[in-house]
Each structure stands twice: as C-alpha cells, then as structure tokens.
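Understanding the architecture of this molecule
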Amino acid sequence: MDITNRDQIYQFAKEWVLEAGEHIRNVIDEPLTIDTKSNPNDLVTQMDRNTEEYFAKKIKGTFPAHKLLSEEGFGDNLETLDGTVWIIDPIDGTMNFVHQKRNFAISVGIYQDGVGEIAFIYNVMEDILYHAKKGQGAFKDIVKLPKLDEKVTLDQSILLINSLWSGENKRINHEKIQDLVRKVRGTRSYGSAALEFAGIAEGVLDGYISMKLYPWDFAAGVILIEEVGGTTSQANGKALNFLTENTVFSGNFQIAKEIIDNYIELK
Ligand code: 2AM
Ligand code: CA
C-alpha cells in the first residue's frame, strides 16, 4: 500500500467510522432487537448487523477489490489475508451496548497482505477516536500517544482480565492466574476488547489477557499497541492467527515476558 493510497483509504474509513457512530448515538434510545448467537449471553442486535452492512456497502462501493473480514456475516469468506483486507467489528462490546448504552466501540483494522496499516477504535458514546497509521504513531483524537512507560513493573501494573474463571474455560491454570492477580496492583475488565486495547495504547492500563478473541476484536488494537511500542500475541507468546479465534496477551513489553513465562499456563 503506497502512502497516497493509504491516506485516501484512511480518510474514507475515518469518515465512515464517525458517520456510523453518529447514527448509533442518534438512535441509542430507540427499542432494540436483541438476539443471541453461540450462547444466551452472546448477544447481537439489529444495530450490530446494520452497522456492519453499512461498512460492507461503503467498502464494496468505493474499493471493489478490497475484502472484508467481519463478525456479523456481511464479510467475505477469507482463507488468506492477501490483498487489502478490512477487519471490522461494527460493535465491540455488544453486552455493554445493550445493558449500558455506553462502553462499546467500532473497531476497524485495515491490513495489506497481512500487515496492519490503518487502525480506528471509536468509543462511540464518548466520541473519542483512537487511530493509527503504521509507522506514524497512535493518536487519541488529535493527541499523539507517547510510547509506553519502559519502567513499569508487574507490581505497579493494572491488568485487564475477563472471565477466565468461568466454566467455559478450563484451558488455563487458574492458580497461576490467582498468583498473578495478587501480584499486580489491580485488575479491571471493560467488556470491550477494542477499548481495552485502546486503554493499553493510552498507557492507563498495562496488560490484557483474554482466552477468546476473534480477529475483528483485535485487528485494530494490534496496530495501535504496536505504534506505542507494546506487544500483542497469543497468551502463550506465539503469533496471532488472523483467520481464527485466539487466546490473547497484549501489553507493555516490560511485563509481557514475565506474565507469559511465569503466570499463563495453558492446558
Ligand atoms: P463482542 O462484544 O464484539 O462480542 C468481552 O470481554 C469482549 O470479548 C468483547 O470485545 C467481545 O466482543 C469479545 N468476545 C469474543 N467472543 C465472545 C463471545 N463468544 N461472547 C462474548 N464476548 C465475546
Ligand atoms: Ca461485535
């Protein structure tokens, strides 16, 4: 992707993200159609589908050769990341969207032959746009985010951790996670992977462990984190697979190795 081409794609993507977000804000108090997917707590609404369809139409209408990898079925069936691929979660944090009407995001990562080039994470209700172009740093609205703190230690860290504890997931050694929870300064769970990545990029959170994320949950986040000098991988340190679900560790390099080597034991 050459620079001119990338800037053009970035401008379209930004316009569409902001427009989709504005629409959601305008109709946030209207009644919602809520369905469930893989389980009774895995929610999807008409707004998730409509927003994804909006992006699919815009992308295919403007860039017919580009491909779309997305959550709600309007994307392409991809077997590789060859070419220009938009990886989109129309609403990341659907449970928050339904229950709280806030704390959710639109997440858009644009990849060229598997390399992350452009990222947007839009906190819709707070109207805050995190964005990045590869090699040019990460931004929160117009403010360039500094590189992550190189001096942070595990016992000064805030760790994002979600329902590792729940029945579905018996693939992790919970005793070691309990040791980790005792070791860090505090834990948080926001319920939107995209906003959790954005918080790490901003330097207000230091590490994130999830046992199950899909490419649309992390595609934009990976790019933002890389631009501030952080790292994202599977929870065992291996490279992410952008075509399947993954376990995920993301965070500050200073604590990544320590957590992955000493506290995350996958079975
Ligand atoms: P979603 O809201 O787009 O489904 C919640 O901790 C985070 O994990 C959200 O970013 C959520 O994305 C993601 N997630 C991935 N798979 C999920 C699932 N099966 N059920 C609930 N959240 C899931
Ligand atoms: Ca979603």
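Residues numbered from 1 in each chain as written. Chains lettered and ligands numbered in written order. Predicted model: local features only at pLDDT ≥ 70, side-chain atom pairs only at ≥ 80, totals over all residues. Heavy atoms only, no water.

1. Details of the site of ligand 1
Stated precisely, the cut-off is as follows: Proximity criterion: a residue is near a molecule or strand once any of its heavy atoms comes within 4 Å of it. Within 3.5 Å is the distance limit for a polar contact, defined as a pair of N or O atoms, with the added protein rule that one can donate a hydrogen and the other accept it, and that residues adjacent in sequence qualify only through two side-chain atoms. Only DSSP runs of H or I with at least four residues qualify as helices, and only runs of E with at least two residues qualify as strands; both kinds are numbered from the N terminus onward. Residue polarity is assigned by list, with Asp, Glu, Lys and Arg as charged and Ala, Val, Leu, Ile, Met, Phe, Trp, Tyr, Cys and Pro as nonpolar; anything else, Gly included, falls into the polar class. Boundaries of every domain are those given by an automatic assignment or by a domain database.
Neighbouring ligand 1 are 15 residues; D89, D92, G93, T94 and A193 lie closest to it. Contact between ligand 1 and D92: an oxygen atom at 2.8 Å from a side-chain N or O atom of the residue. In this structure, an oxygen atom belonging to ligand 1 sits 2.9 Å away from a main-chain N or O atom of T94. Those elements that provide at least two residues to the shell around ligand 1 are β4 (84-92) and β12 (207-213). The biggest single contributor to the shell around ligand 1 is β4, with three residues. Residues of the shell around ligand 1, tallied by class, amount to four nonpolar, five polar and six charged. Lining the shell around ligand 1 are residues from two domains, each supplying at least three of them: domain 1 (3-144) and domain 2 (154-262).

2. Some points on the packing of helix α1 (residues 3-26) against helix α2 (residues 46-62)
Formally: Each axis is a line fitted through C-alpha atoms, and for a helix only the stretch in contact is used; angles between axes span 0 to 180 degrees, taken between their N-to-C directions. For classification, angles of less than 35 degrees are called roughly parallel, those exceeding 145 degrees roughly antiparallel, those between 65 and 115 degrees roughly perpendicular, and all remaining angles oblique. Helix crossings get a hand from a simple test, with the near helix turned counterclockwise from the far one by less than a right angle marking a left-handed crossing and a clockwise turn marking a right-handed one. Contact between two residues is taken to exist if any of their heavy atoms lie within 4.5 Å; hydrogens are not considered.
With their axes 11 Å apart at the nearest point, α1 and α2 run at an angle of 155 degrees to one another. Judged by the inter-axis angle, α1 sits roughly antiparallel to α2. Of the two possible hands of crossing, α1 and α2 adopt the one that is right-handed. The residues of α2 that touch α1, namely those facing F12, W16, V17, E19, A20, H23 and I24, are M47, T51, Y54, F55, K58, I59 and T62. The residue inventory of the contact of α1 with α2, partitioned by class, reads nine nonpolar, three polar and two charged.

3. Topic: the domain arrangement of the chain
Threshold: Once two parts are brought into contact, the accessible area they lose, counted with a 1.4 Å probe and summed over both, makes up the buried area. The rule for a salt bridge is simple: a side-chain nitrogen of Lys or Arg has to be within 4 Å of a carboxyl oxygen of Asp or Glu.
Along its sequence, the chain is organised into domain 1 (3-144) and domain 2 (154-262). Contacts between the two partners involve 38 residues from domain 1 and, on the opposite side, 23 residues from domain 2. Here domain 1 packs against domain 2, burying approximately 2,200 Å² in sum over the two surfaces, 66% of which is carbon and sulfur. Counting across the domain 1 and domain 2 interface gives two salt bridges. K140 is paired through a salt bridge with E202; the nearest N and O atoms lie 2.7 Å apart. For the pair domain 1 and domain 2, the interface holds 10 residue pairs in polar contact (both at pLDDT 80 or more). For the side of domain 1 that touches domain 2, the secondary-structure elements that each account for two or more residues are β3 (67-70), β4, β5 (105-112), β6 (115-123), β7 (128-133) and β8 (138-140). Per element, the largest residue contribution to the side of domain 1 that touches domain 2 is seven residues, and it comes from β6. Of the residues belonging to the side of domain 1 that touches domain 2, the class tally is 17 nonpolar, 13 polar and eight charged.

4. Examining the coordination of the calcium ion (ligand 2)
What counts here: In this analysis a donor is any N, O or S atom within 2.8 Å of a metal ion (3.2 Å for sodium, potassium and calcium), and since water is not included, sites may seem incomplete.
Looking at the metal site, the calcium ion (ligand 2) is ligated by E71 (OE), D89 (OD), D89 (OD) and I91 (O), spaced 2.2 to 2.8 Å from it. In primary-sequence terms, the residues that donate to the calcium ion (ligand 2) follow E-x17-D-x1-I. Of this pair, E71 sits in the loop between β3 and β4 while I91 sits in strand β4; the two residues are 20 residues apart in sequence, bridging distant segments of the chain.

5. What to know about the nonpolar core
The criterion, for reference: Nonpolar cores are built from buried Ala, Val, Leu, Ile, Met, Phe, Trp, Tyr and Cys residues. Side-chain atoms within 4.5 Å join them into one set. Each residue gets one of three labels from its accessible area relative to the maximum for its type: buried under 20%, exposed over 50%, partly exposed in between, using a 1.4 Å probe on protein chains only.
Counting 38 residues, the largest nonpolar core has I87, I121, F197, F218 and F242 as the members making the most contacts within it. With eight residues, helix α6 (residues 215-227) is the single largest residue contributor to this core. For this core, the two domains that each supply at least three residues are domain 1 (3-144) and domain 2 (154-262). Leave out the neighbours within four places in its chain, and F197 touches I121, Y208, L213, D217, F218, G221, I225, T232, V248 and S250.

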